[in-house]
Amino acid sequence: MEQDAGRFYQHAASRATDAAVRKLLGDLAAAESQHERTAGEIEEKRLPDAAKGKEDDNAKRSFILQIVQPGLVGLMDGSVSTLAPVFAAAFGTHNPWTAFQVGMAASLGAGISMGFAEALADDGKLSGRGTPYLRGFVCGLMTVAGGVGHTLPYLIPNFYIATVIAVVVVVFELLAIAFIQWRCMDTPASLPPQR
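Residues numbered from 1 in each chain as written. Predicted model: local features only at pLDDT ≥ 70, side-chain atom pairs only at ≥ 80, totals over all residues. Heavy atoms only, no water.

Here the focus is helix α6 (residues 132-149). With 18 residues, α6 should reach 26 Å at 1.5 Å per residue; the first-to-last C-alpha distance of 26 Å fits that figure. If you check which residues of α6 are buried, you get Pro132, Arg135, Gly136, Val138, Cys139, Gly140, Thr143, Gly146, Gly147 and Val148. (Helix = DSSP H or I, 4+ residues; strand = E, 2+ residues; numbered from the N terminus. Expected span 1.5 Å × (residues − 1). Buried < 20%, exposed > 50% of the residue type's maximum accessible area, 1.4 Å probe, protein only.)

Let us look at the pattern of salt bridges. Two side chains that carry opposite charge are able to pair once their charged atoms sit near each other. Taken as a whole and judged by the stated rule, the model has two salt bridges. Lysine 23 serves as the salt-bridge partner of aspartate 27, at 3.0 Å between the closest nitrogen and oxygen. One end of the pair, aspartate 27, and the other, lysine 23, are both in helix α2 (residues 19-46), four residues apart, so they sit about a helical turn from each other. A salt bridge links arginine 135 to glutamate 118; the nearest nitrogen and oxygen atoms lie 2.9 Å apart. Taken together, the residues arginine 135 in helix α6 and glutamate 118 in helix α5 (residues 96-121) connect sequence positions 17 residues apart. (Salt bridge = Lys/Arg side-chain N within 4 Å of Asp/Glu carboxyl O.)

And the structure:
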């Protein structure tokens, strides 16, 4: 915040025509710069590494609960729930444009549904999952993205080429989901051992 304020004052000082105003703005920019240095020194002196690590862990946990987890749920739902309508329309009609229209409708419908479901699931106070509006927006947006990914190839007029590309996109969607789970949710990359 101090950096932004300092830059604002410096920019304003460079545009000011009155010498007294220019000096005042320059002094304010210097004071903001000093505030930033002082805050850094206090943090370094009084915030132990363990506490800083705990703050970082809490910030990561909040990001995962508020952004990654709803986005991942949306991506999974959009990728999987729209497969049947898109490919049913494609193979039923052999018309790429019809498959595209069905895929877009299914993606948008699923996005709206999942967005509302996530937003109405809880208010975030008890679970610590943050604002429901943000979670609902992220979940809905990622649901639409998951469905649109394998729908877009059906803009290609050739049914067979569009279908091959759509299948390849589905494979990449599933790999992306697995990667996000592995990277952000600490899910192992391998399957659990069979008993």
